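# Structural characterization, general
So the chains spell out like this:
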Amino acid sequence: MIPKIKLFINGQWVESDQTEKVLNKANGEPVAEIYVAGLKEVEQAVTSAQRAFKREKIAPYRRYDILKRASELLMERQEEMALTLSLEVGKTIREARMEVSRAAQTLLISAEESKRIHGEIIPISSSPGNENRRAWTIRQPLGVVCAITPFNFPANLTCHKIGPAIAAGNAVVYKPASTTPIFGAKLCEIFLESGLPKGYLNMVMGPGSVVGDALAKDQRIDFYSFTGSTSVGLKLKNSVGLRPVSLELGSNSPTIVHGDADLMVAVEACTRSAFANAGQVCISVQRVYVHNSIYNDFCQQAAALAKTLKVGDPLDPTTDIGPMINEKEAIRVEGWLQEAVTEGAKILVGGKRNGPFLEPTILTNVHPKMKCSCQELFAPVFNVVSYNTIDEALAMANDSNYGLQAGVFTNSLDIASRCAEELECGGVIINDVSAFRADLMPYGGWKESGTGKEGPRYAIEEMTREKVVVLKLKGK
Ligand SMILES: NC(=O)c1ccc[n+]([C@@H]2O[C@H](COP(=O)([O-])OP(=O)(O)OC[C@H]3O[C@@H](n4cnc5c(N)ncnc54)[C@H](O)[C@@H]3O)[C@@H](O)[C@H]2O)c1
Ligand SMILES: O=C[C@H](O)CS(=O)(=O)O
């Protein structure tokens, strides 16, 4: 008997008129049944959040306690949560355990940041004629935050929204991806147990085109924190009007491997990272630019390493690569690979599909206008392209509609400094791949990779607003 998962509204578990199955992504078997929100439940969830926010403000020290406790409870349930992620996303159990511990860290960082939200004293009397005035700023929560998350990291990316939102004093209406909602429901259990007042967290599940659209249209929501594809993010931004929105969107991230790099370090990092989470990572290694002096060795070593990686049951601790989110996505990528080969690309290793499973694949002889290069692959595939000068590498890396993060392997400080300054993206990772992220660092894209920054401290800034207060003293 598979569990039936209810919506979470105003501290209560709520049924609706419709249900949908959540599938095990490796074998297609149902692992849970979720109640799907209708317009009525969406309305109730937003009402609950707004009433909670108006009913009581949670003092920062209590926000700290609640978030810290939630982090502890998440770690106490790590194995259960990792199994959930492995089943509903298809990520390997090793990756799933790692994600749960990162999510717990994200909540802990949010807890710590809840104690550091403050304004500043404005030296207003330094402006002539204002000697008898005093001024300061205060930073206040926005009110109701809508958190919409993608399928690929349902633990960490959800905690990157709910954690800062609560740390900042907001109430939350949360919509997980309809394909991977189970973790989110368990997170609501955790926040209930951690003492979060009812109504401060509400979860509605269901298709983005219905539930997501209804949330976008609800004028009572003060801020949207969206992570997902560029196309959906743009649609949401166009729906919400003047209300603030944070968009963490797509990418086709580059990594440059210069001739002076430590070859094996770069091969290991690029190859293992490109295939992590079956390549379904926004900052995944997709375009690798290698100096021509080491290009052949890089390709040979990367192909050899790729051949050793095990594709299979994500619950098997020896598996390196699980299935993609569904067979339709794997077929999309298979089509892109065939198109690339028709246009002259070479499959160095991999390329075969078995249902939702795709072999780790490396492409060479790729042209920048091929979909495998210029669009977001979001699959266990990466391209290797050679270059002669760093100018060429920078030009190719920047030749993208996206700009999330980039990696650069070099032992030259001058090359590293130049890349840091000239790469057009939100983050440059020196001597590691584009896919590096520490959860406390500022994180967010340029161009079509989005707007706004995550990382608890930065998300809190976006989920609060500053007000200046000026006091005129009675004096002379
Ligand atoms: N930049 C980042 O931090 C980051 C992180 C992870 C994933 N992503 C991106 O997410 C994408 C993959 O995730 P996905 O397939 O779940 O993305 P998606 O855009 O299909 O869905 C993301 C979320 O939006 C919801 N949604 C769909 N239509 C909506 C609408 N009309 N209104 C409101 N919400 C709607 C979905 O239900 C889901 O919860 C990739 O493009 C990836 O790059 C970005
Ligand atoms: O998919 C992109 C995410 O940002 C990955 S992570 O959870 O931040 O590592």
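Since this is a predicted model, take the numbers as computed values, not measurements.

## Section: the overall build of the chain
- Counting its regular elements, the chain contains 15 helices and 25 strands.
- In terms of overall size, the chain behaves like a compact globule, its C-alpha atoms giving a radius of gyration of 24 Å where 476 residues would be expected to give roughly 23 Å.
- Viewed in the frame of its principal axes, the chain has a C-alpha envelope of about 75 × 65 × 40 Å.
- Counting the 476 residues in the chain, one finds 57% classified as buried.
- Of the contacts formed within the chain by residues at least 6 apart in sequence, a portion of 72% connects residues at least 24 apart.
- Looking at the chain as shown, the accessible area adds up to about 19,500 Å², and 54% of this sits on carbon and sulfur atoms.

## Some details on the domain arrangement of the chain
- If you check the domain split of the chain, you get domain 1 (4-249 + 449-468) and domain 2 (254-442).
- Computed from C-alpha coordinates alone, the two centres of domain 1 and domain 2 are separated by 30 Å.
- Listed by partner, the interface residues are 32 residues for domain 1 and 29 residues for domain 2.
- For the pairing of domain 1 and domain 2, the buried interface totals around 2,400 Å² over both sides, and the portion due to carbon and sulfur atoms is 55%.
- Considering only the surface of domain 1 that becomes buried against domain 2, R94, F151 and S449 emerge as the three largest contributors, covering 21% of it.
- Counting the contacts that link domain 1 with domain 2 gives two salt bridges.
- The partner of D439 in a salt bridge is R102, and the shortest N-O contact between them spans 2.8 Å.
- At the junction of domain 1 with domain 2, the criterion picks out 13 residue pairs in polar contact (both at pLDDT 80 or more).
- Listed by contribution, the elements that provide at least two residues to the side of domain 1 that touches domain 2 are α3 (78-89), α4 (93-114), α5 (156-167) and α15 (456-462).
- In terms of residue class, the side of domain 1 that touches domain 2 is made up of twelve nonpolar, twelve polar and eight charged.

## A word on the UniProt feature "domain: Aldehyde dehydrogenase" (unreviewed entry) in the chain
- In this numbering, the UniProt entry assigns the feature "domain: Aldehyde dehydrogenase" (unreviewed entry) to residues 13-469.
- Structurally, residues 13-469 is divided into 41% helix and 21% strand, and its ends, taken at the C-alpha atoms, are 42 Å apart.

## Structural notes on a nonpolar patch on the surface
- Together, I121, W136, L471 and L473 line one region of the surface with nonpolar side chains, adding up to about 360 Å² of accessible area.
- Among the secondary structure elements, W136 is positioned in strand β7 (residues 133-141).
- When its relative accessible area of 30% is taken as the criterion, W136 is described as partly exposed.

## As for the site of ligand 2
- What surrounds ligand 2 is the set R102, N152, F153, N156, L157, V281, C282, R437 and Y443.
- C282 places a polar main-chain atom, nitrogen or oxygen, 2.8 Å from an oxygen atom of ligand 2.
- The side chain of R437 places a nitrogen or oxygen atom 2.8 Å from an oxygen atom of ligand 2.
- Taking a 2 Å distance to the grid points as the criterion, the majority of the atoms of ligand 2 fall inside the second largest pocket.

## Quick notes on the sheet that holds strand β4 (residues 18-23)
- Ordered in space as β1-β5-β4, the three strands form an open sheet in which the pairing is mixed. The open sheet is flanked by β1 (4-5) and β4, the only strands paired with a single partner.
- Bridging between β1 and strand β5 (residues 30-36) involves two bridges; their strand directions are parallel. Across the sheet, I5 pairs through a bridge with I34, a residue of β5.

## Regarding the sheet that holds strand β14 (residues 287-291)
- Strand order in this open sheet of seven strands is β15-β18-β19-β14-β13-β21-β22, and the pairing throughout is mixed. Each having just a single partner strand, β15 (346-349) and β22 (427-430) make up the two edges of the open sheet. Shown here is a sheet whose adjacent strand axes are inclined to one another by a mean of 25 degrees, direction ignored.
- Alignment of β15 against strand β18 (residues 361-364), held across three bridges, turns out to be antiparallel. Within β18, the residue paired with I347 across the bridge is L363.
- Each of β13 (254-257), β14, β15, β18 and β19 (381-387) is contacted by helix α10 (residues 295-308), which is oriented at about 165 degrees to β19, the strand it contacts most.
- Across the sheet, helix α13 (residues 390-398) lies against β13, β14 and β19, angled at about 145 degrees from β19, the strand it touches most.

## Quick word on the site of ligand 1
- By nearness alone, 27 residues border ligand 1, and T149, K175, S229, L249 and E376 come closest of all.
- With respect to ligand 1, the side chain of E376 contributes an N or O atom lying 2.5 Å from an oxygen atom.
- About the coverage of ligand 1: the protein hides 88% of its 850 Å² of free accessible area.
- For ligand 1, the cavity whose grid points lie within 2 Å of the majority of its atoms is the largest pocket.
- For the shell around ligand 1, the elements supplying multiple residues, two or more each, are α7 (208-217), β11 (223-227) and α8 (230-240).
- Among the elements that make up the shell around ligand 1, the one with the highest residue count is α7 (four residues).
- Here the shell around ligand 1 is composed, by residue class, of 13 nonpolar, nine polar and five charged.

## Overview of the pairing of β14
- Of all five residues in β14, five are buried, a share of seventy percent or more.
- The alternating pattern of β14 places R287, Y289 and H291 on one face and V288 and V290 on the opposite face, and all of these are buried.
- Where β13 and β14 come together, four bridges link them in parallel fashion. From the neighbouring strand, I256 faces β14, where its bridge partner is Y289.
- A crossover connection joins β13 to the parallel β14 through helix α9 (residues 263-275); in handedness this β-α-β unit is right-handed.

Reading the values: rules and limits
- Residues numbered from 1 in each chain as written.
- Chains lettered and ligands numbered in written order.
- Predicted model: local features only at pLDDT ≥ 70, side-chain atom pairs only at ≥ 80, totals over all residues.
- Heavy atoms only, no water.
- Helix = DSSP H or I, 4+ residues; strand = E, 2+ residues; numbered from the N terminus.
- Rg over C-alpha atoms; globule rule 2.2 N^0.38 Å.
- Buried < 20%, exposed > 50% of the residue type's maximum accessible area, 1.4 Å probe, protein only.
- Contact = heavy atoms within 4.5 Å.
- Areas by Shrake-Rupley, 256 points an atom, 1.4 Å probe, with all protein chains shown as cover.
- Domains from an automatic or database assignment.
- Buried area = accessible area lost by both parts, 1.4 Å probe.
- Salt bridge = Lys/Arg side-chain N within 4 Å of Asp/Glu carboxyl O.
- Polar contact = N/O pair within 3.5 Å; in protein donor to acceptor, adjacent residues only side chain to side chain.
- Nonpolar A, V, L, I, M, F, W, Y, C, P; charged D, E, K, R; others polar.
- UniProt positions renumbered as here; feature names shortened; annotations may be inferred.
- Patch = residues over 30% accessible without salt bridge, like charges linked within 9 Å, V, L, I, M, F, W, Y side chains within 5 Å.
- Near = heavy atom within 4 Å.
- 1 Å grid on protein atoms, 1.4 Å probe; cavity = no way out; pocket = protein on both sides within 12 Å on 5 of 7 lines; lining within 4 Å.
- Sits in = over half its atoms within 2 Å of the grid points.
- Pairing = 2+ DSSP bridges.
- Axes fitted to C-alpha atoms, helices over the stretch in contact; angles between N-to-C directions.
- Right-handed = clockwise from strand over helix to strand, strands pointing away.

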